[in-house]
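Structure at a glance
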Amino acid sequence: MNIGVAYDNGQIAENLGACRSFLIVTAEGGAPTAKRIAPVAGTAVTDMVKTVSMEQIDVLICGGLGLAVRNALELIGVLLVPGCTGAAEEAVAKFLVGEQQGDPALLAIGREDDPDDPMACMHDCAKCAGCGPIEILRQMPQAD
């Protein structure tokens, strides 16, 4: 398992969207086996999400995060532990022993139970193939 921490000079980065590097700890059987720092190539939020994906981060410990970033990371299967502060390595150790940390209420913000929203895109239809841009394009007349 790869545990990532939004990293800023030894501490958990305050804002995941502005994160420029990750501490990545590989753990097997509940014990850390390796650690490294992975820089984010680029300054866009999509570069950060790409880094999380390419580094195969399974769990991401972070400070604050926005709705779009949360949705993108959950869509690629990352378990989020938001609302954390303090030392990055200490946060990983707490996670490995099962200690509650952060603010899980941050993950409830913006959630809707909508049976007409099977992709759980919270009506951010730019991500959804069943509505939004695809449907608008279908309704447009073809250019000659």
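Before reading on, note that the structure itself is shown above.
To start, this report covers the structure provided alongside it.

Cut-off values and rules
Residues numbered from 1 in each chain as written. Predicted model: local features only at pLDDT ≥ 70, side-chain atom pairs only at ≥ 80, totals over all residues. Heavy atoms only, no water. Helix = DSSP H or I, 4+ residues; strand = E, 2+ residues; numbered from the N terminus. Buried < 20%, exposed > 50% of the residue type's maximum accessible area, 1.4 Å probe, protein only. Contact = heavy atoms within 4.5 Å. Areas by Shrake-Rupley, 256 points an atom, 1.4 Å probe, with all protein chains shown as cover. Salt bridge = Lys/Arg side-chain N within 4 Å of Asp/Glu carboxyl O. Pairing = 2+ DSSP bridges. Core = buried A, V, L, I, M, F, W, Y, C linked by side-chain atoms within 4.5 Å.

Secondary structure assignment for the chain yields 4 helices and 6 strands. Listing every helix and strand of the chain by position from the N terminus yields β-β-β-β-α-β-α-β-α-α. Looking at the 144 residues of the chain, the share that counts as buried comes to 33%. Relative to all contacts within the chain whose residues are 6 or more apart in sequence, the contacts with residues 24 or more apart total 47%. Looking at the chain as shown, the accessible area adds up to about 8500 Å², and 55% of this sits on carbon and sulfur atoms.

We now examine the pattern of salt bridges. Tallied over the entire structure, the rule returns 4 salt bridges. The partner of Glu74 in a salt bridge is Arg70, and the shortest N-O contact between them spans 3.9 Å. In this pair, Glu74 and Arg70 are both assigned in helix α2 (residues 67-75), 4 residues apart and thus about one turn of the helix distant. For Arg70, a relative accessible area of 2% translates into the label buried. Of the charged contacts, one joins Lys94 and Glu90 as a salt bridge, the two residues approaching to 3.8 Å between their closest N and O atoms. Here Lys94 pairs with Glu90, and both are found in helix α3 (residues 88-96), just 4 residues apart, close to one helical turn. The partly exposed category is assigned to Lys94, whose relative accessible area is 26%.

In this section: the pairing of strand β4 (residues 31-39). Across 8 bridges, the pairing between strand β3 (residues 21-28) and β4 is antiparallel. Looking at the pairing, Ala27 lines up with Pro32 of β4. Counting the residues between successive antiparallel strands, the hairpin from β3 to β4 contains 2 residues, one of them, Gly29, with a positive phi of roughly 60 degrees.

Positionally, Ala27 belongs in strand β3. Separated by 25 residues in sequence, Ala27 and Asn2 have C-alpha atoms that sit 6.4 Å apart. Not counting residues within four places of it along the chain, the set of residues in contact with Ala27 comprises Met1, Ile3, Pro32, Thr33 and Leu96.

Take unusual backbone geometry next. Positioned with a positive phi, Asn9 is a non-glycine residue whose angle comes to about 55 degrees. In this model, Gln56 sits at a positive phi of 55 degrees, which is unusual for a non-glycine residue.

For the rest of this paragraph, the subject is the nonpolar core. Counting 18 residues, the largest nonpolar core has Ala6, Leu16, Phe22, Met48, Val52, Leu60 and Leu73 as the members making the most contacts within it. Mapped onto this core, the elements with two or more residues apiece are β3, α1 (45-54) and α2. Take this core: its biggest share by element is 3 residues, from α1.

Burial within strand β1 (residues 2-8) is extensive, with 5 of its 7 residues counted as buried. Looking at chain direction, β1 and β3 are connected through 5 bridges and run antiparallel. Directly across from Ala6, in β3, lies its bridge partner Phe22. One ladder, built from 3 bridges, connects β1 with strand β5 (residues 59-61); its direction is parallel. Each residue of the ladder has a partner; that of Ile3, found in β5, is Val59. As paired elements, β1 and strand β2 (residues 11-12) share 2 bridges and run antiparallel to each other. Across the sheet, residue Tyr7 finds its bridge partner in β2, namely Ile12. Between β1 and the antiparallel strand that follows it, β2, lie 2 residues; Asn9 among them carries a positive phi value of about 55 degrees.

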